[in-house]
Amino acid sequence: MKIAVYPGSFDPVTNGHLDIIARGAKVFDEVIVVVLVNVDKKGLFKIDERVELIKRVTKDYPNVKVQSFNGLLVDFMRQKKATVILKGLRAVSDFEYEFQMALMNNKLDPEVETLFMMTNAEYSYLSSSAVKQVAKFGGCIRGLVPDEIIVDIISRIKGE
Ligand code: ADP
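Cut-offs and rules
- Residues numbered from 1 in each chain as written.
- Predicted model: local features only at pLDDT ≥ 70, side-chain atom pairs only at ≥ 80, totals over all residues.
- Heavy atoms only, no water.
- UniProt positions renumbered as here; feature names shortened; annotations may be inferred.
- Helix = DSSP H or I, 4+ residues; strand = E, 2+ residues; numbered from the N terminus.
- Contact = heavy atoms within 4.5 Å.
- Polar contact = N/O pair within 3.5 Å; in protein donor to acceptor, adjacent residues only side chain to side chain.
- Pairing = 2+ DSSP bridges.
- Axes fitted to C-alpha atoms, helices over the stretch in contact; angles between N-to-C directions.
- Phe/Tyr/Trp six-rings, centres within 6.5 Å; stacked < 30°, edge-to-face > 60°.
- Buried < 20%, exposed > 50% of the residue type's maximum accessible area, 1.4 Å probe, protein only.
- 1 Å grid on protein atoms, 1.4 Å probe; cavity = no way out; pocket = protein on both sides within 12 Å on 5 of 7 lines; lining within 4 Å.

The protein chain carries the name Phosphopantetheine adenylyltransferase in an unreviewed UniProt entry, which gives Clostridium manihotivorum as its organism. Quoted verbatim from the Function (unreviewed entry) heading of the UniProt record, the comment on the protein chain is "Reversibly transfers an adenylyl group from ATP to 4'-phosphopantetheine, yielding dephospho-CoA (dPCoA) and pyrophosphate." According to the UniProt record, the Pathway (unreviewed entry) comment for the protein chain is "Cofactor biosynthesis; coenzyme A biosynthesis; CoA from (R)-pantothenate: step 4/5."

Draft legend 1. Spatial organisation of the environment of Gln67. On the secondary structure map, Gln67 appears in strand β3 (residues 64–69). Between the C-alpha atoms of Gln67 and Arg50, which are 17 residues apart in sequence, the distance is 9.6 Å. Residue contacts for Gln67: discarding those within four places in its chain leaves Ile32, Val33, Val34, Val35, Val51, Phe76 and Lys80. Polar contacts involving the side chain of Gln67 include one to the side chain of Lys80, which spans 3.1 Å.

Draft legend 2. Quick peek at the side chain of Thr58. Positionally, Thr58 belongs in the loop between α2 (47–57) and β3. Setting aside chain neighbours within four positions, we find Thr58 in contact with Leu18, Ile21, Val64 and Val66.

Draft legend 3. Examining the sheet that holds strand β5 (residues 113–118) more closely. Strands sit in the order β3-β2-β1-β4-β5 across an open sheet of 5 strands; the sheet is parallel. For this open sheet the edge positions go to β3 and β5, each flanked by a neighbour on one side alone. For this sheet the average axis-to-axis angle between neighbouring strands, irrespective of direction, equals 30°. Summarising the sheet, strand β1 (residues 3–8) and strand β4 (residues 84–89) pair through 2 bridges and their orientation is parallel. Among the inter-strand pairings, Ala4 is bridged to a residue of β4, identified as Val84. Across the sheet, helix α1 (residues 15–27) is in contact with β1, β2 (30–36), β3, β4 and β5; its angle to β5 comes to roughly 120°.

Draft legend 4. Quick peek at the packing of aromatic side chains. Per the stated rule, a full pass over the model turns up 3 aromatic pairs. Their ring planes at 50° and their centres at 5.2 Å tell us that Phe69 and Phe76 sit as a pair that is tilted. With 5.3 Å between their ring centres and 15° between their planes, Phe95 and Phe99 make a pair best called stacked. Residue Phe95 and its partner Phe99 are both found in helix α4 (residues 92–108); the two are separated by 4 residues, about one turn of the helix. Taking the relative accessible area as the measure of exposure, Phe95 reaches 46% and is therefore partly exposed.

Draft legend 5. Structural context of the UniProt feature "domain: Cytidyltransferase-like" (unreviewed entry) in the protein chain. UniProt records the feature "domain: Cytidyltransferase-like" (unreviewed entry) at residues 5–133, using the numbering of this structure. Each end of residues 5–133 is marked by a C-alpha atom, and these two atoms are 28 Å apart; helix forms 43% of the span and strand 22%.

Draft legend 6. Here's a closer look at the UniProt feature "binding site: substrate" (unreviewed entry) in the protein chain. Under the present numbering, the feature "binding site: substrate" (unreviewed entry) in UniProt falls on Ser9, Lys41, Leu73 and Lys87. In this structure, the largest pocket is lined, among the annotated residues mentioned, by Ser9, Lys41, Leu73 and Lys87. In this fold, Lys87 is placed in strand β4. If we skip the residues at most four places from it in the chain, Lys87 touches Tyr6, Pro7, Glu98, Thr114, Leu115, Phe116 and Met117. A polar contact of 3.2 Å, which involves the side chain of Lys87, links it to the side chain of Glu98.

In structure tokens form, the structure reads like this:
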């Protein structure tokens, strides 16, 4: 069974992420979306909340699982017996960072391969931080994130 792990902060999950998840689910037997804990970053949503939001928007994909992990991605991969890291690439600006991460992960565990999927052109400008900025100033986020989580984002930003 070919398992791919799709790591990120997903604060919150966007339609760009969901597009990669849906396409990944067609290529791999199983995709595990993993919300990685980043101690340096305080997010809009807590880790468990991000997991719940991703679960909600991926409920129709039987071969997608959602989890969180606090530690090195390669250690999570070993636990899951997964050897493929799935990543999305939006622009040249993503490249340098992703290139570095891919080489580092391969150095930490030579069994691990990172595979990149090009973003859907429609979502190439989309990031979680852009969604948060737009929502903060009252802009419309419909089409940027799944409809089922719009209310959660807006009420969290308003501090409710
Ligand atoms: P961000 O906070 O930048 O939205 P994450 O750290 O949660 O992103 O990203 C997880 C992964 O999803 C990364 O591989 C990132 O390149 C990818 N990704 C994020 N947004 C998009 C998008 N719009 N299209 C394709 N891939 C994306």
